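Descriptive structure summary
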Amino acid sequence: HGPLAVLGRRYSLELPPNQNPRTLALATRLQAGAPDTASYARAVLDYFVQKGFEYTLTPPKLTGNAVDEFLFSTRRGFCGHYASAFATLMRAGGVPARVVTGYLGGEWNPVGRYFLVRQSDAHAWVEIWVGGRGWVRVDPTGVVAPERLRRGLFDLLPDAASFATRLARDNAWLAELVQTWDALNTAWRQRVLQFGQDSQLALLEHLGFVVHLVPVVAVLTHEPGLDDAVAAHHLSRAGLALGSQAN
């Protein structure tokens, strides 16, 4: 990997001005004992481990210098808190960093043969720029709550699930019933509600029919006040051609 572009580096090092002074001081201290980027990242992760941080979906509300409050006061949060704090410390130490959001995990539905990804599977992590390697993924949540990465959120925090979800997870037959119902809903949505032209053509071709699309030409009768240019524009958007008919 070549060097990070100047604008990309500048953007990935930006921090809000005059905020989180304790975090900036912490970055200076941790970086002083780190000979390279990887060592500095490790030192920040060790800080999370050594200072008794806790994973929770109901953290205290943060105000003002939010990262300072999280790192030195509340020390309780979920993936977004850890990703934000880690990225701030990286940038404060001169390491380009960016927060990445997506999903972690999911549930395999054996009936419909697909993965069901819920909003509860949402996750945030960080990518840091390492010379010679490019963007490298680092998930600070993993050092605080490693089970969050290996198992689902509801396995780690069962009380976060609704009563109905806990009931379905604790009863195999009910879980199978829920999966069957979801598979039926998915099939209905895909094969009926979303059964458009592309799906129809795919089905016909699967059944062995050869499908040819024939262009359609529309014949438009001139009427008083009708603008041919306007009519042609609307027809062209619909994939039709403008013709004329003598009066």
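Preceding this section is the structure that the text describes.
First things first, this report covers the structure right here in the doc. (Residues numbered from 1 in each chain as written. Predicted model: local features only at pLDDT ≥ 70, side-chain atom pairs only at ≥ 80, totals over all residues. Heavy atoms only, no water.)

**A word on the packing of aromatic side chains**
- Applying the stated criterion across every chain yields a total of 7 aromatic pairs.
- An angle of 55 degrees between the planes, with centres 6.0 Å apart, marks the rings of Y47 and F53 as tilted.
- Relative accessible area serves as the criterion here: at 7%, Y47 is assigned to the buried category.
- Between F53 and Y82 the ring centres are 6.1 Å apart and the planes differ by 70 degrees, which places this aromatic pair in the edge-to-face class. Taken as a pair, F53 in the loop between α3 (37–50) and β1 (54–55) and Y82 in helix α5 (residues 79–92) lie far apart in primary sequence, 29 residues in all.
- On the basis of relative accessibility, which here comes to 9%, the residue F53 falls in the buried class.
- On the basis of relative accessible area, Y82 is assigned to the buried category, the value being 0%.
- Of the aromatic side chains, those joined through ring pairs into one cluster are Y47, F48, F53, F70 and Y82.
- One residue, R22, lies across the ring of F72, its end atom 4.2 Å from the ring centre.
- Between R98 and the ring centre of W135, over which it is positioned, the NZ or CZ distance is 3.8 Å. (Phe/Tyr/Trp six-rings, centres within 6.5 Å; stacked < 30°, edge-to-face > 60°. Buried < 20%, exposed > 50% of the residue type's maximum accessible area, 1.4 Å probe, protein only. Helix = DSSP H or I, 4+ residues; strand = E, 2+ residues; numbered from the N terminus. Lys NZ or Arg CZ within 6 Å of the ring centre and 35° of its normal.)

**Quick look at the pairing of strand β7 (residues 134–138)**
- Bridge count between strand β6 (residues 122–130) and β7: 5 bridges; the pairing is antiparallel. Residue pairing in the sheet places V126 in a bridge with V138 of β7.
- Connecting β6 to the antiparallel partner β7 that follows it, the hairpin turn spans 3 residues, and G132 within it adopts a positive phi of roughly 85 degrees. (Pairing = 2+ DSSP bridges.)

**A short note on the packing of helix α4 (residues 66–74) against α5**
- For the pair α4 and α5, the least separation of the axes is 10 Å and the interaxial angle reads 105 degrees. Relative to α5, the element α4 is oriented roughly perpendicular. Together, V67, F70 and L71 of α4 and H81, Y82, S84, A85, T88 and L89 of α5 make up the contact between the two elements. (Axes fitted to C-alpha atoms, helices over the stretch in contact; angles between N-to-C directions. Parallel < 35°, antiparallel > 145°, perpendicular 65-115°, else oblique. Contact = heavy atoms within 4.5 Å.)

**Observations concerning the nonpolar core**
- Core analysis: the biggest nonpolar cluster contains 34 residues, and Y40, F48, L71, F86, M90 and I128 have the highest contact counts within it.
- Elements represented by at least two residues in this core include exactly α2 (21–32), α3, α4, α5, β6 and β7.
- The element contributing the most residues to this core is α5, with 8 residues.
- Aside from chain neighbours lying at most four places away, what touches F48 is F53, F70, L71, Y82, A85, F86, P140, V143 and V144. (Core = buried A, V, L, I, M, F, W, Y, C linked by side-chain atoms within 4.5 Å.)

**Here we look at the pattern of salt bridges**
- Applying the stated criterion to the full structure yields 4 salt bridges.
- Here D46 and R42 are joined by a salt bridge, their closest N and O atoms 3.2 Å apart. In this pair, D46 and R42 both sit in helix α3, 4 residues apart, roughly one turn of the helix.
- Here R76 ties to E54 by a salt bridge, and the two come within 3.5 Å at their closest N and O atoms. Taken together, the residues R76 in strand β2 (residues 76–77) and E54 in strand β1 connect sequence positions 22 residues apart.
- Exposure remark for E54: the relative accessible area of 40% places this residue in the partly exposed category. (Salt bridge = Lys/Arg side-chain N within 4 Å of Asp/Glu carboxyl O.)

**Observations concerning α3**
- The terminal C-alpha atoms of α3 lie 20 Å apart, and with 14 residues this matches the ideal 20 Å at 1.5 Å per residue to within 8%.
- The set of residues buried in α3 consists of Y40, A41, V44, L45, Y47 and F48. Along the axis of α3, the buried positions cluster into a sector of 145 degrees, meaning they face one direction only.
- For α3, the elements touching its buried residues are α2, α4, α5, β6, β7 and α6 (141–144).
- The opening residue of α3 is D36, an N-cap whose side-chain oxygen sits 3.4 Å from the backbone nitrogen of A38.
- Just past α3, the residue G52 takes up positive phi, approximately 70 degrees. (Expected span 1.5 Å × (residues − 1). Arc of directions from axis to C-beta. Polar contact = N/O pair within 3.5 Å; in protein donor to acceptor, adjacent residues only side chain to side chain.)

**Some words on unusual backbone geometry**
- The phi dihedral of N20 is positive, around 50 degrees, even though this residue is not glycine.
- Tracing the backbone through its elements, the reader meets N20 in the loop between α1 (6–11) and α2.
- Accessibility expressed as a relative area gives 6% for N20, which makes it buried.
- Backbone geometry at R75 places phi at a positive 55 degrees, although glycine is not the residue there.

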